[in-house]
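Residue-level listing of the chains:
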Amino acid sequence: MSAAGSTLVTSSARRPPVLAEVWRFREFLLRLVVRNLKVKYQRSLLGFLWTLLNPLLTVGVLVVVFSYVVRIGVPHYWAFLVSGFFVWNFMLQMLNAGTTILLEHASLRRSIAFPTEVLIFGAAASRLVEFAVELALALLLLIAIHHGGVPASMVLLPLLVVLQVLLAVGLVMMIATLAVFYHDVQHALPIVVLILFYVSPVFYPASLVPAAFQRAYLFNPIAGLLTLYHVTLYEGRFPPATLLAGVTVAAVAVCLAGYGIFNRFKPLFAEIV
């Protein structure tokens, strides 16, 4: 083995686990989250209120369209939509962030030494703050109006949020890596997102999908995640163990695959971006 190869192996072996490395930069990560939120809402009259207004207006339009124009036979359709739309919005914002996150922070990466993964976790944490506000509003509406109480199934919410973050982080790592080498990703992603919108149960329940296609349909982890939220929040019951286990395996697999790809090409980022 050459001296260069030996050095690379030794360096990789001595490199601390990614989570431990990110934990060392937790204060920097916190400042990055605060900065992300400030930049997003600077020079805005309504500021953080847009976190609620944008998705609420979209939900309002979808409720009108699919309750009175193209009718979907779902009782209390607004409750069904609210129980999953904010999750879709979280995924949408994360996927879009993945196309530019490394480019936007290129100067920061050149001036300060920190694990590149911090940028991904910072984006996820920033969006999670917004999601927490949206979810709190959705829960308030569902508990007060739809269920008239707190269903026992809501105890699964922390687990669902963890699966949601794992899935989003894995996908963003893949997209961010591709975006470094291929600018086409920025142009292709809107098309992919549009397809995902229609092949995921965002505005219709997964039960409307023909039984023959159910297994293939739920192979889309976002569809499985949204179905978990619908069963847990809208229906107020515990989801099937097979569905929960399937989404868990998918979320972990996507996260590990995303990190593997990201870590494999990370040394090249500084040379290109």
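Quick caveat: nothing in here was measured; it's all calculated off a predicted structure. (Residues numbered from 1 in each chain as written. Predicted model: local features only at pLDDT ≥ 70, side-chain atom pairs only at ≥ 80, totals over all residues. Heavy atoms only, no water.)

## Examining empty space enclosed by the protein
In this approach a probe as big as a water molecule rolls over the atoms, and the regions it shows empty are the leftover space.
(1) Moving on: Applying the stated criterion across every chain, the model contains one cavity of 30 Å³ or more.
(2) Moving on: Roughly 30 Å³ of volume is contained in the largest cavity.
(3) Moving on: Looking at the lining of the largest cavity, the elements with two or more residues in it are helix H5 (77-98) and helix H8 (117-147).
(4) Moving on: Per element, the largest residue contribution to the lining of the largest cavity is five residues, and it comes from H5.
(5) Moving on: Grouping the constituent residues of the lining of the largest cavity by class yields seven nonpolar, two polar and no charged. (1 Å grid on protein atoms, 1.4 Å probe; cavity = no way out; pocket = protein on both sides within 12 Å on 5 of 7 lines; lining within 4 Å. Points joined across faces, edges and corners; volume = space filled by probe spheres on them. Helix = DSSP H or I, 4+ residues; strand = E, 2+ residues; numbered from the N terminus. Nonpolar A, V, L, I, M, F, W, Y, C, P; charged D, E, K, R; others polar.)

## Remarks on the packing of H8 against helix H12 (residues 221-234)
(1) Moving on: The contact between H8 and H12 brings their axes to 11 Å, and the two run at 45 degrees. The angle between H8 and H12 places the two elements in the oblique class. Contacts between H8 and H12 pair Phe131, Leu135, Leu139, Leu142, His146 and His147 from the former with Tyr229, Leu233 and Tyr234 from the latter.
(2) Moving on: Residues of the contact of H8 with H12, tallied by class, amount to seven nonpolar, two polar and no charged. (Axes fitted to C-alpha atoms, helices over the stretch in contact; angles between N-to-C directions. Parallel < 35°, antiparallel > 145°, perpendicular 65-115°, else oblique. Contact = heavy atoms within 4.5 Å.)

## Description of the packing of helix H9 (residues 157-181) against H12
(1) Moving on: At a minimum axis separation of 11 Å, H9 and H12 run at an interaxial angle of 165 degrees. By the angle class used here, H9 and H12 are roughly antiparallel. Of the two elements, H9 crosses H12, and the hand of that crossing is left-handed. In this structure, H9 contributes Leu157, Leu160, Val161, Leu163, Gln164, Leu167 and Leu171 to the contact, and H12 contributes Pro221, Ile222, Leu225, Leu228, Tyr229, Thr232 and Leu233.
(2) Moving on: Counted by class, the contact of H9 with H12 contains twelve nonpolar, two polar and no charged residues. (Left-handed = near helix turned anticlockwise from the far one by under 90°.)

## Topic: the environment of Tyr259
(1) Moving on: By the element assignment, Tyr259 lies in helix H13 (residues 241-272).
(2) Moving on: For Tyr259, a relative accessible area of 25% puts it in the partly exposed group.
(3) Moving on: In this structure the C-alpha to C-alpha distance between Tyr259 and Gly73, which are 186 residues apart in sequence, comes to 41 Å. (Buried < 20%, exposed > 50% of the residue type's maximum accessible area, 1.4 Å probe, protein only.)

## Description of the packing of aromatic side chains
(1) Moving on: Tallied over the full model, the rule gives 14 aromatic pairs.
(2) Moving on: Ring plane angle 55 degrees and centroid distance 6.5 Å describe the contact between Phe66 and Tyr77, whose orientation is recorded as tilted. Of this pair, Phe66 sits in helix H4 (residues 50-69) while Tyr77 sits in helix H5; the two residues are eleven residues apart in sequence, bridging distant segments of the chain. The same class applies to Phe66 and to Tyr77, which are both buried.
(3) Moving on: Among the aromatic residues, those joined into a cluster by ring pairs are Phe66, Tyr77, Phe80, Trp88, Phe197, Tyr198, Phe203, Tyr204, Tyr217 and Tyr234.
(4) Moving on: Over the face of the ring belonging to Phe265 we find Arg264, whose NZ or CZ atom lies 5.1 Å from the ring centre. (Phe/Tyr/Trp six-rings, centres within 6.5 Å; stacked < 30°, edge-to-face > 60°. Lys NZ or Arg CZ within 6 Å of the ring centre and 35° of its normal.)

## Remarks on a nonpolar patch on the surface
(1) Moving on: The grouping of Leu178, Phe181, Tyr182, Leu268 and Ile272 at the surface amounts to a nonpolar patch, some 440 Å² of accessible area in total.
(2) Moving on: For the nonpolar patch, the secondary-structure elements that each account for two or more residues are H9 and H13.
(3) Moving on: For Phe181, the position within the fold is in helix H9.
(4) Moving on: Residue classification places Phe181 among the partly exposed residues on the basis of a relative accessible area of 30%. (Patch = residues over 30% accessible without salt bridge, like charges linked within 9 Å, V, L, I, M, F, W, Y side chains within 5 Å. Areas by Shrake-Rupley, 256 points an atom, 1.4 Å probe, with all protein chains shown as cover. Salt bridge = Lys/Arg side-chain N within 4 Å of Asp/Glu carboxyl O.)

## Overview of the environment of Ala132
(1) Moving on: For Ala132, the location among the structural elements is in helix H8.
(2) Moving on: A relative accessible area of 43% means that Ala132 is categorised as partly exposed.
(3) Moving on: Taking the C-alpha atoms as reference, Ala132 lies 26 Å from Ile195; in sequence the two are 63 residues apart.

## Quick notes on the confidence of the model for the chain
(1) Moving on: Chain-level pLDDT for the chain is 86 on average; 90% of the residues reach the 70-or-more range.
(2) Moving on: Taken element by element, the predicted model of the chain shows its lowest mean pLDDT in helix H1 (residues 3-14) (41) and its highest in H12 (96).
(3) Moving on: For residues 1-14, every residue scores under 50 in pLDDT, and the model assigns this stretch two contacts once sequence neighbours within four places are set aside. (pLDDT = per-residue confidence, 0-100.)

## With respect to the pattern of salt bridges
(1) Moving on: Under the definition given, this model contains four salt bridges.
(2) Moving on: Across the pair Arg237 and Glu235 runs a salt bridge whose closest N-O atoms are separated by 2.5 Å.
(3) Moving on: Look at Arg237 and you get partly exposed, because its relative accessible area is 42%.
(4) Moving on: The class for Glu235 is partly exposed, based on a relative accessible area of 39%.
(5) Moving on: Overlapping salt bridges, with partners in common, bring together Arg127, Glu130 and Glu134 in one network.

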